[in-house]
Amino acid sequence: MPAPERIPSRSLTDPESLTLLTEGTLTVLGQVGGASNAVLHCTVAYDGEERTCAYKPVAGEQPLWDFPDGTLAQREVAAYEISRATGWDLVPPTVLRDGPYGQGMVQLWIDGPGDGEDAPELLALVEGEEPGDGWKAVGFADVGEGRTALLVHADDPRLRRLAVLDAVINNGDRKGGHLLPAAGGRLFGIDHGVTFNADDKLRTLLWGWAGEPLTEEALAVLGRLAAELAPGAALATRMAELITPAELEALRERVDGLLKSAAHPKPSGQWPPIPWPPV
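Here the structure is a predicted model, which means the values were calculated and not measured. The residue count restarts for each chain, going from 1 along the sequence in the order it is written. With the structure being a predicted model, the display of local features is reserved for residues of pLDDT at least 70 and the display and counting of side-chain atom pairs for 80 or more, all residues being used for whole-chain, interface and lining totals. Processing note: side-chain calculations cover all non-hydrogen atoms of the structure and skip hydrogens and water entirely.

Asks: What am I meant to see in the overall build of the protein here?
Replies: Helix and strand assignments come from DSSP, with helices taken as H or I runs of at least 4 residues and strands as E runs of at least 2, each series counted from the N terminus. Secondary structure summary: the protein contains 6 helices and 10 strands in total. Each principal axis of the C-alpha atoms in the protein carries an extent, and together these give about 55 × 45 × 35 Å. Going through the 279 residues of the protein one by one, you find that 46% of them count as buried. Using a 1.4 Å probe, accessible areas were evaluated by the Shrake-Rupley method; residue-level cover was limited to the displayed protein chains. On the protein, roughly 13400 Å² of surface is accessible, and the fraction owed to carbon and sulfur atoms is 52%. Neither His nor the chain ends is counted toward charge; the positive residues are Lys and Arg and the negative residues Asp and Glu. Think of each charge as sitting on NZ of Lys, CZ of Arg, CG of Asp or CD of Glu. Positive and negative side-chain charges in the protein, numbering 23 and 41 respectively, have mean positions lying 3 Å apart. Each residue is assigned to one of three classes by its accessible area relative to the maximum for its type, calculated with a 1.4 Å probe on protein chains only: buried under 20%, partly exposed between the two thresholds, exposed over 50%.

Asks: Hey, could you run me through the nonpolar core in this one?
Replies: Taken as a class, soluble globular proteins show a tendency for nonpolar side chains to be buried jointly. As used here, the term nonpolar core means buried Ala, Val, Leu, Ile, Met, Phe, Trp, Tyr and Cys residues forming a set that is joined through side-chain atoms within 4.5 Å. Ranked by internal contacts, the top residues of the largest apolar core, which has 54 residues, are Ile-82, Val-168, Phe-196, Leu-229, Met-239 and Leu-251. Here this core gets 8 residues from one element, more than from any other, and that element is helix H3 (residues 157-169). Among all residues touching Leu-229, those that are not within four sequence positions of it are Ile-82, Leu-235, Ala-236, Met-239, Leu-248, Leu-251, Arg-252 and Val-255. Throughout, a residue-residue contact means that at least one pair of heavy atoms, one from each residue, lies within 4.5 Å.

Asks: For this particular structure, what's the right way to read unusual backbone geometry?
Replies: Among all residues save glycine, negative phi is the norm, and among peptide bonds the norm is trans. One non-glycine residue, Asp-47, lies in positive phi territory at about 55°. Relative to the assigned elements, Asp-47 resides in the loop between strand S2 (40-46) and strand S3 (49-57). At Phe-196, a residue that is not glycine, the phi angle is positive and equals roughly 65°. Counting through the fold element by element, Phe-196 comes out in the loop between strand S10 (187-189) and helix H4 (216-228). For Phe-196, a relative accessible area of 0% puts it in the buried group.

Asks: Looking at this structure, I do not really get the sheet that holds strand S8 (residues 147-154). What am I missing?
Replies: Backbone hydrogen bonds are what pair the strands of a sheet, in a parallel or an antiparallel way. Pairing within the open sheet is antiparallel, and its 3 strands lie in the order S6-S8-S7. Two strands lie at the open edges of the sheet, namely strand S6 (123-126) and strand S7 (135-144), each paired on one side alone. Strand-to-strand twist across the sheet, computed as the mean angle between neighbouring axes with direction ignored, equals 30°. The pairing of S6 with S8 spans 4 bridges and is antiparallel. For Leu-123, the partnering residue across the bridge sits in S8 and is His-153. Here the rule is simple: two strands pair whenever DSSP picks up at least two bridges between them. Axes here mean lines fitted to C-alpha atoms, for a helix over just the part in contact, with angles spanning 0 to 180 degrees between N-to-C directions.

Asks: How should the sheet that holds strand S4 (residues 94-99) be read in this particular structure?
Replies: A sheet is described by the order of its strands in space; here 5 strands give the open sequence S1-S2-S3-S5-S4, paired in antiparallel fashion. Of all the strands in the sheet, just strand S1 (25-31) and S4 have a single pairing partner and so form its edges. The mean angle between the axes of side-by-side strands here comes to 40°, regardless of whether they run parallel or antiparallel. As paired strands, S4 and strand S5 (residues 102-108) are joined by 6 bridges and run antiparallel to one another.

Asks: Help me understand the environment of Asp-199 in this model?
Replies: Considering the arrangement of structural elements, one finds Asp-199 in the loop between S10 and H4. Expressed as a C-alpha distance, the spacing of Asp-199 and Glu-247, which sit 48 residues apart in the sequence, is 8.5 Å.

Written out as structure tokens, the structure reads:
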């Protein structure tokens, strides 16, 4: 979209952005290829403002054996609500609404870094057995011809916050392609349809901090989140509209568990810890 047509720079989470997504007119531009569920690239226009967005209609969701049918869009919105409650705003503004192909998730489209900004390197494959300064090891990967390389991710505070968020929402699919660097040094995570399962489903490329103590910042955020998820609190009431009672209780238990352990979780061994494909 030409720069003059874009919304002036401002917070992505203010009420005007959510109003734009909820009330604006959706126009489908095309389909995003390579996704397992239908993802439509759209514009959304309201009161003279226009932005690009992603629209995932419930009708385009593929059934999954371990999630109730037709609930992935709601889980995307639930992930946004939790992200917003942390204050980290790691998930782009996301709403549930009707669109050209029925009810679905609508999320603001995130552009890459601006002019003069370099996209940060967040994931890499390196030779040897140590990650090197500024990197955290995930594990060894088969790179063909009988060779392996060490998969690493950046030792970046933005990624570390996202690792905490993923543990809270029980993200079953944190791939490299779901990490979106944006202008101004922002980092967003997208594609949160397979989240909030009552069973442990955490699969991620961000295992580099596994077992390490949580930061004081993370513990403070988790403490506030626990209070906001208490029965009768506004966030708990909102989450009850989006996920099942069992999943809401499991969410509370995950937050409490992180507070008690004060450490990043380790792979459980009961579920493949790395998503496939990893990109």
